[in-house]
There are 2 protein chains.
Amino acid sequence: MVDYKAPLRDIDFVLKEFLNCEQHYAGLQGCEELGVDLMDAIISEGAKFAENVVNPLAEIADEQGCKLVDGKVTTPVGFKEAFKQWGEGGWQTLGIPAEHGGQGLPSSLGSVIGEMAGAPCWAFTMYGGLALAPVTCLINGGTAAQQQRFIPKILTGEWAGTMCLTEAHCGSDVGLLRTKAVKNDDGTYTLQGSKIFISGGEQDLTDNIIHAILARVEGAPAGTRGVSLFIAPKYWVNEDGSMGDFNNISCGAIEKKMGLKASATCVMNYDGARAVLLGEENRGLEIMFKLMNAARLGTAMQGLSMGEISYQGALSYARERLQMRSLSGPKNPDGPADPIMVHPDVRRMLLTQKAFVEGQRALIYWLAQQVDLTQFGSDIQKTEATQLLELLTPIAKAFCTETSQEVTYLGVQVYGGHGYISDNGMERIARDNRISTVYEGTTGIQSLDLIGRKVLGSGGAVLNNFTKIIHKYCKANEDNAALAEFIAPLAALNKEWGEVTLAVGEKAMANADEVGAASVDYLMYSGYITFAYLWAQMAEVAQQKLDAGSNDPLYSSKLKTARFYFQRLLPRTASHKAAMLAGADSLMDMSEAEFIC
Amino acid sequence: MVDYKAPLRDIDFVLKEFLNCEQHYAGLQGCEELGVDLMDAIISEGAKFAENVVNPLAEIADEQGCKLVDGKVTTPVGFKEAFKQWGEGGWQTLGIPAEHGGQGLPSSLGSVIGEMAGAPCWAFTMYGGLALAPVTCLINGGTAAQQQRFIPKILTGEWAGTMCLTEAHCGSDVGLLRTKAVKNDDGTYTLQGSKIFISGGEQDLTDNIIHAILARVEGAPAGTRGVSLFIAPKYWVNEDGSMGDFNNISCGAIEKKMGLKASATCVMNYDGARAVLLGEENRGLEIMFKLMNAARLGTAMQGLSMGEISYQGALSYARERLQMRSLSGPKNPDGPADPIMVHPDVRRMLLTQKAFVEGQRALIYWLAQQVDLTQFGSDIQKTEATQLLELLTPIAKAFCTETSQEVTYLGVQVYGGHGYISDNGMERIARDNRISTVYEGTTGIQSLDLIGRKVLGSGGAVLNNFTKIIHKYCKANEDNAALAEFIAPLAALNKEWGEVTLAVGEKAMANADEVGAASVDYLMYSGYITFAYLWAQMAEVAQQKLDAGSNDPLYSSKLKTARFYFQRLLPRTASHKAAMLAGADSLMDMSEAEFIC
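Note that this is a predicted model, so its numbers are computed, not measured. (Residues numbered from 1 in each chain as written. Chains lettered and ligands numbered in written order. Predicted model: local features only at pLDDT ≥ 70, side-chain atom pairs only at ≥ 80, totals over all residues. Heavy atoms only, no water.)

Colleague: Can you break down the overall build of chain A residue by residue, with the values?
Modeller: Of the regular secondary structure elements, chain A holds 20 helices and 11 strands. Relative to a compact globule of 597 residues, whose C-alpha radius of gyration would be 25 Å, chain A shows 25 Å and is just as compact. With the C-alpha coordinates aligned to their principal axes, the bounding extent of chain A is approximately 80 × 60 × 60 Å. For chain A, buried positions account for 61% of its 597 residues. In chain A, of all internal contacts separated by at least 6 residues, the share reaching a separation of at least 24 is 74%. (Helix = DSSP H or I, 4+ residues; strand = E, 2+ residues; numbered from the N terminus. Rg over C-alpha atoms; globule rule 2.2 N^0.38 Å. Buried < 20%, exposed > 50% of the residue type's maximum accessible area, 1.4 Å probe, protein only. Contact = heavy atoms within 4.5 Å.)

In structure tokens form, the structure reads like this:
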């Protein structure tokens, strides 16, 4: 298995040198006390937790998985103790506002902890992550009494929580859901129905589980306009926060899955469960959707976490494994063969991993700062950050997870046959990662959100806002000869991005299917350009440090990785552009009979 | 799980209408009796075997896997009986020459059976496939007495066999192997050593296992010039073919793997095993390499088989799953939602699967005919076929398996969250398929073989031979207006292929690392053009049938799939071209310290 080491130097570079986090934190209203020293201390403790507590769980987590016996789910050995430490360490409360009992720290700091803790064993951190779903729903849509009743024990880790949305017949199409809620005389509701794919729906880590459940009140309108959001605990919670009787919420089955085997994916049955309504009837999706952006960035983070550990494994193997000689002459003449790192194609694989992983980190941390600004920024900062997040959240979710599939795929490939063997850990990482392009909205759904709802839905404004930022950046650096190799292609692609959007938009006026036909290629195209903008900026920072005389290999590494990205990965925009501009006809002309034959 | 149906209509199209197999078989010296009727009968029986005998094994194969207890391996329930039927049905003897007890049929026919039988459960067919490894070694390098001694009971399925090459410290770099052979007074050898990754090294399907083993005779030269090939059975085989005592060949462990769990991947220990030498000492690789081309096409076939069943699953799900409405208005107004097949992006995924799978079938079946020609053709046919196979075998192996990863990836994606659930079978297909880009030479190894050994190694001649064929084809069809959309881009890319090769070749003269730096992108680029040539020809055949008045949906389907391929997949050549022409510097400039930081 791969021994995870938190990538502290790169995290430091991104936070301090690329994103100027000191200045960022100082400008957040109400978070001024978070200086760099406190941040460093928290990150350093988080790294220890990831390396010392989570890392040892990884292998056993996959081997043992979860088991369901007589309605009770057992998690792998060590999970309960680790979750206790997670709660006691205060990790569950990092980004929760102080008035709700949290530490009131900006959520961007939580992202860093999330990356590190998730990398060795994402299945473990899912329990803590999902527990915050009802907390966020309560903060966004609950009364003070409801918040006081349910939140505190989730924050200590004594209780956990879930988000219950999917039913067997409805995943992406949430308006189809059928779980029924009937109002009782005392103002509570009684739930009847069944959900699937509920992560942590049942487990043995906590005393109680607080479920946030979407259901349809008797007589509600059809579709998404008739969906309400409820809180229903596994054991009833009295108004004073004390625990009552079993609430008829049970786990009917757990799924056997490709990966994330230690995260219990449950079929949940509500056989007359009592629930409290959050907000108003039929307005549940409004509250729930506030959760969605965070969930999407959290899933982008899974891509980064899995990619980082896959890169660490592949790099360490490539340095040790001796196989064949370098084409340009032996590099390890005293050994029986050269380390495979000498082979250009192995380097291509490692650099592809590195360029994607570090690009993902830059994007996700940057967007996490934008989330901080929506919470603690000035009014104008809030507006600007919201605009950026509208455009870049679907890109981050889909592009980071899709490119991460390539990263964890290459991790297996670098190991050769040994990558297929479970003991080495690389295939487990690829399996765990495979769901990231699916849950919290598939790549297809993100792409429709990007091009349909955001870009074309705003008449191009949401995109123009960002291409203007890139344009300004390119203009400001157009005379910088050292950066010309990055600025020139970025400026050209940035211009092309607008043109391509216009072309797709025009086609879409005549035929709505053109939007879907272009969508995923459009998103991938947009992702490559977004990463180019980030890599150009990181190269700029690195160049400045080198010009100032630094010989820290990180700076030359950044510069060379940026060069690799521009030379070998960015050209993929050409293929995506050609594919999306080919239009919908080749997709839609095919009859069902022609598919089958 | 996915219920496999042999794709008989497409197989028929490729064999009869695209590849004119009737004429092909009639021209093979010694195979003239194989008419279309006999071929149809064999394929029809093969389809039944795949659907009725292999298909029911798939789910249990993955669930149960293989177990090792006290040195004995047990395969999943049903394997033993199915293997017995495989042997009794004569499937093991299809392509074996009559003088060795086989049916003497062209091996291209065996490919068709291999595709079908392998699709539902590749792990099962591996036992039969590997059993033919020692048979082929014996035919290519054994004496008549050796052949008579070991081959007959393998052909009946009473015995099986293996190919033992890899050791813990040597996979791609076979020259490093250490297993030692010491010559005995009676002319046999005694083997001492250990091998890993031996498929079917131990199992409970057959009475004996005949191992073909690479080892180093005491005092042999270092590297590949000191490698000899031996036959060593699990139970000794006397000269009259009767079975003797246990031969000190034992299974030390079986690997826990990502997929193919029902194929026992064994650590094999030789503790003084008796062996007979094939051919001369130190010339083992020459015999073994004759096996490699067949093994590489066989692995390309795995890509096709896994892709076909993944497409079948995805298509059937897309037709049934109701989720959201078509962007261009409801298509299933009486239902709660439209089948997801109405969504352009779902169609993009299905068509990507279809275009790759059918392209793979066309390429592999065509190359299987070339293999026939190397065996049964005239002298000039042998030469031409050999030239084509030299170029196209590494392309087939790497390009079919790499594109097949995309196919089985999309199969999971079309299912959404349900694709991650084991019961639905789609994730198992992706896991089983994952090894195909690794074993029998990784994609990196195939790519080096293609560009280094074949193309540049022949001064371009091996490539020119093929681009001339494509050029001629384009010339012959340049006035065919109906095919212009295919012929024009094919001709342009065919020309570019030569230019790009020249550019890489020139760089390589100055720096050998340029070969490795370009290799995988060069192979993928070459694969896309090769598929374009095949799709243009299939479109031509389809167009002729449509012009002649046929309303078989297969023909319009072929034409539209070709169009999709040209419009949406072929443009990927642009990205691969840019990446490979970017050169080696961005790969080689990075120091080890810069990778680590």
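Colleague: With reference to specific residues and values, describe the packing of aromatic side chains.
Modeller: All names here are of chain A. Tallied over the full model, the rule gives 46 aromatic pairs over all chains. Ring geometry for W86 against F124: centres 6.5 Å apart, planes inclined by 85 degrees, an arrangement best described as edge-to-face. Taken together, the positions of W86 in helix α5 (residues 79-88) and F124 in helix α7 (residues 122-141) put the pair 38 residues apart, joining distant regions of the chain. Side by side, W86 and F124 carry an identical accessibility label, which is buried. In textbook terms, an aromatic cluster arises when at least three aromatic residues are bridged by ring pairs, as seen for F49, F79, F83, W86, W91, F124 and Y127. Seen from the ring of W236, R274 lies directly overhead, with NZ or CZ sitting 4.1 Å from the centre. (Phe/Tyr/Trp six-rings, centres within 6.5 Å; stacked < 30°, edge-to-face > 60°. Lys NZ or Arg CZ within 6 Å of the ring centre and 35° of its normal.)

Colleague: Give a description of the relation of the copies chain A and chain B that names residues and reports values.
Modeller: Of the transformation placing chain A onto chain B, the axial shift is 0.0 Å and the rotation is 180 degrees, giving an RMSD of 0.0 Å. What the superposition gives is, in effect, a two-fold axis relating one chain to the other. (Least-squares fit on C-alpha atoms with pLDDT ≥ 70 in both.)

Colleague: So what's going on with the environment of G457 of chain A? Which residues, and what values?
Modeller: All names here are of chain A. For G457, the location among the structural elements is in the loop between α13 (443-455) and α14 (461-476). Among the residues examined, G457 registers a relative accessible area of 58% and is labelled exposed. Residues G457 and K80, spaced 377 residues apart in sequence, show a C-alpha to C-alpha distance of 46 Å. With residues up to four places along the chain from it excluded, the contact list for G457 reads I451 and G452.

Colleague: Can you tell me about helix α13 (residues 443-455) of chain B, naming the residues and giving the values?
Modeller: Of all bends in α13 of chain B, the biggest is about 30 degrees, found at D449 of chain B. Looking only at α13 of chain B, the buried set comprises T443, G444, Q446, S447, D449, L450, I451, K454 and V455 of chain B. (Bend = angle between axes of the 7 residues up to and from the residue.)

Colleague: With reference to specific residues and values, describe empty space enclosed by the protein.
Modeller: Counted under the stated rule, the structure contains four cavities of 30 Å³ or more. Looking at the largest cavity, its volume works out to about 100 Å³. Residue lining of the largest cavity: M1, A58, E59, D62, E63, S422, D423, G425 and R428 of chain A together with K256 of chain B, and that is the complete set. Here the lining of the largest cavity takes four residues from helix α4 (residues 58-64) of chain A, the largest share from any one element. Across the lining of the largest cavity, the residue classes break down as two nonpolar, two polar and six charged. (1 Å grid on protein atoms, 1.4 Å probe; cavity = no way out; pocket = protein on both sides within 12 Å on 5 of 7 lines; lining within 4 Å. Points joined across faces, edges and corners; volume = space filled by probe spheres on them. Nonpolar A, V, L, I, M, F, W, Y, C, P; charged D, E, K, R; others polar.)

Colleague: Would you mind going over the nonpolar core in detail, with residue names and values included?
Modeller: Within soluble globular proteins, side chains that are nonpolar generally end up buried alongside one another. Grouped together as the largest cluster of nonpolar side chains are 377 residues, with contacts concentrated most on Y565 of chain A together with Y565 of chain B. Look past the residues within four positions of Y565 of chain B in its chain and what remains in contact with it is A355, F356, G527, Y528, F531, A532, W535, L570 and P571 of chain B. Counting 34 residues, the second largest nonpolar core, distinct from the first, contains A131, I210, L214 and L278 of chain A. (Core = buried A, V, L, I, M, F, W, Y, C linked by side-chain atoms within 4.5 Å.)

Colleague: Please provide a residue-by-residue account of the pairing of strand β6 (residues 208-217) of chain B, values included.
Modeller: Residue and element names in this part refer to chain B. With 10 of 10 residues buried, β6 is to be regarded as a mostly interior element. Note that strand β3 (residues 159-164) and β6 share six bridges and pair parallel. In the sheet register, G161 faces β6, and the bridge partner there is I210. Sheet topology places strand β4 (residues 180-183) next to β6; two bridges connect them, and they run parallel. Pairing of K180 across the sheet is with R216, part of β6. Both β6 and strand β7 (residues 228-233) contribute to a ladder of six bridges, which runs antiparallel. For I213, the partnering residue across the bridge sits in β7 and is F230. (Pairing = 2+ DSSP bridges.)

Colleague: Before we move on, can you summarise the interface of chain A and chain B with the specific residues and values?
Modeller: In many reports, interface size means the accessible area that the parts give up when they come together. Of the residues lining the interface, 99 residues belong to chain A; the matching set on chain B comes to 99 residues. It is Y420, R568 and F595 of chain A that lose the most area in chain A upon contact with chain B, and together they represent 11% of the buried surface on that side. Counting across the interface, chain A meets chain B through six salt bridges. Between D521 of chain B and R568 of chain A there is a salt bridge; the shortest N-O distance is 2.8 Å. Our enumeration of links across chain A and chain B arrives at 61 residue pairs in polar contact (both at pLDDT 80 or more). Examining the composition of the side of chain A that touches chain B, we find that nine residues originate from one element, helix α17 (residues 553-569) of chain A, more than from any other. Per-class residue counts for the side of chain A that touches chain B are 48 nonpolar, 26 polar and 25 charged. (Buried area = accessible area lost by both parts, 1.4 Å probe. Salt bridge = Lys/Arg side-chain N within 4 Å of Asp/Glu carboxyl O. Polar contact = N/O pair within 3.5 Å; in protein donor to acceptor, adjacent residues only side chain to side chain.)

Colleague: So what's going on with the UniProt feature "domain: Acyl-CoA dehydrogenase/oxidase C-terminal" (unreviewed entry) in chain A? Which residues, and what values?
Modeller: Summarizing the sequence annotation, UniProt attributes the feature "domain: Acyl-CoA dehydrogenase/oxidase C-terminal" (unreviewed entry) to residues 282-454 of chain A in the numbering used throughout. Here residues 282-454 of chain A runs as 73% helix and 0% strand, with 25 Å between its end C-alpha atoms. (UniProt positions renumbered as here; feature names shortened; annotations may be inferred.)

Colleague: Residue-level account of the packing of helix α14 (residues 461-476) of chain B against helix α16 (residues 513-547) of chain B, with values.
Modeller: Between two packed helices, the angle of one axis relative to the other and the distance separating the axes together describe the packing. Residue and element names in this part refer to chain B. For the pair α14 and α16, interaxial distance at closest approach is 11 Å and the crossing angle is 30 degrees. By the angle between their directions, the pair α14 and α16 is classed as roughly parallel. The way α14 lies across α16 gives a crossing that is left-handed. Every residue of α16 that contacts α14 at L463, F466, I469, I470 and Y473 is listed here: Y522, T530, Y533, A536, Q537 and E540. In terms of residue class, the contact of α14 with α16 is built from eight nonpolar, two polar and one charged. (Axes fitted to C-alpha atoms, helices over the stretch in contact; angles between N-to-C directions. Parallel < 35°, antiparallel > 145°, perpendicular 65-115°, else oblique. Left-handed = near helix turned anticlockwise from the far one by under 90°.)

Colleague: Can you explain the pattern of salt bridges? Please cite residues and give values.
Modeller: Residue and element names in this part refer to chain B. Counted according to the given criterion, the structure contains 70 salt bridges over all chains. One salt bridge connects D3 with K5, and the closest N-O pair in it is separated by 4.0 Å. The class for K5 is partly exposed, based on a relative accessible area of 47%. Between E485 and R563 there is a salt bridge, with the nearest N and O atoms lying 2.9 Å from each other.

Colleague: Before we move on, can you summarise the environment of S242 of chain A with the specific residues and values?
Modeller: Residues and elements named next belong to chain A. Looking at the element boundaries, S242 is found in the loop between β8 (235-237) and β9 (243-246). The sequence separation of S242 and L132 amounts to 110 residues, and the corresponding C-alpha distance is 20 Å. Here S242 is in contact with W236 and V237, once residues within four sequence places are set aside. A polar atom in the side chain of S242 sits 2.6 Å from the side chain of D240.

Colleague: Go over helix α1 (residues 8-18) of chain B, please, and point to the residues and values.
Modeller: The complete set of buried residues in α1 of chain B reads D10, I11, F13, V14, L15, E17 and F18 of chain B. Looking at the buried residues of α1 of chain B, the elements they touch are α2 (21-26), α3 (36-54), α6 (107-118), α10 (344-376), α16 and α17 (553-569) of chain B.

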